[in-house]
Each structure stands twice: as structure tokens, then as C-alpha cells.
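One-letter residues, chain by chain:
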Amino acid sequence: EWYSSTGRAARDPDPSWADVWDSAACLAQHVRATPADVQDKRVVELGSGLGVCGIAAALSGAKSVEFVDREPEALHCAMATAQLNGCADVTARLATFGDEDGESPTFDVVLASDV
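For clarity, every value in this text was computed on a predicted model and none was experimentally measured.

**Student:** Quick question: what am I supposed to make of the sheet that holds strand S2 (residues 64-69) here?
**Tutor:** Hydrogen bonds between backbone groups are what pair the strands of a sheet, and the pairing can be parallel or antiparallel. Here we have four strands laid out as an open sheet, ordered S3-S2-S1-S4, and parallel in their pairing. A strand with exactly one partner marks an edge of an open sheet, and here the two such strands are strand S3 (90-94) and strand S4 (109-112). When strand polarity is set aside, the average angle formed by the axes of neighbouring strands in this sheet is 20 degrees. Pairing of strand S1 (residues 42-46) with S2, which is carried by five bridges, proceeds in the parallel orientation. Bridging from a neighbouring strand, Val 44 pairs with Glu 66 of S2.

What follows is the structure, encoded as C-alpha cells:
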């Protein structure tokens, strides 16, 4: 209802980013169960949506986490949730797959569910 009442539905009639998909929940659970995979590493979550996997990485001791998504609302929600969970060193980047903006950051771990 909020999505429609704010006019966002007219701009993006498919708010698929606003759901936590089963694969994201499973990957987040795996990250939390195996923190050594992300601990002290630079992590990027591609197609982050709500950022569940990236938040799991941050809470598991990642050195840094970057959310990447094409939807600004998704990144806003991911960053707000990360902040509410006390995650440090978390950033967001608006991008579409195939975008090339020159320099690309380097990451140790790439998380991607439902991409």
C-alpha cells in the first residue's frame, strides 16, 4: 500500500526488490553459519535488494560491505536496516549490471542471490 500511495508503483510496477527471497534468506543463513568466509574481508552484495546477505556479512565481521542495486529505494532500505542493526563500514552504490564507470572497487567476496 505504501508503495502505491507514494507514486512509486507508477515508476516501478515490479518492486521485486522489496521481498526477501528464499535464496537470499538461505545465503544469509550460510554467511552467519560460516563467518570465516567473510571475516575481515571486503564484501559486495550484487543485486542487494533489502541487503539481507550484506547485513549478515557485516554482522559476521566483514571488513566492509557494499550494497549494489539498480533501485534507489532498495538501497535506502538496505542502508537503513544496516544502520538499525549497528553495522559499520557499509556503503551503497546505485548501478545497473553492465555499467562501467571507470574504476571498479576490489572485493574479496561477492554475494549474489536471485541475480
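**Student:** Which parts of the structure should I look at to understand the pattern of salt bridges?
**Tutor:** Pairing between side chains becomes possible if they bear opposite charge and their charged atoms approach one another. Applying the stated criterion to the full structure yields three salt bridges. A salt bridge links Arg 70 to Glu 71, with the nearest nitrogen and oxygen atoms 2.6 Å apart. You can call Arg 70 partly exposed: its relative accessible area is 49%. A relative accessible area of 8% means that Glu 71 is categorised as buried.

Conventions and cut-offs
- Residues numbered from 1 in each chain as written.
- Predicted model: local features only at pLDDT ≥ 70, side-chain atom pairs only at ≥ 80, totals over all residues.
- Heavy atoms only, no water.
- Pairing = 2+ DSSP bridges.
- Helix = DSSP H or I, 4+ residues; strand = E, 2+ residues; numbered from the N terminus.
- Axes fitted to C-alpha atoms, helices over the stretch in contact; angles between N-to-C directions.
- Salt bridge = Lys/Arg side-chain N within 4 Å of Asp/Glu carboxyl O.
- Buried < 20%, exposed > 50% of the residue type's maximum accessible area, 1.4 Å probe, protein only.

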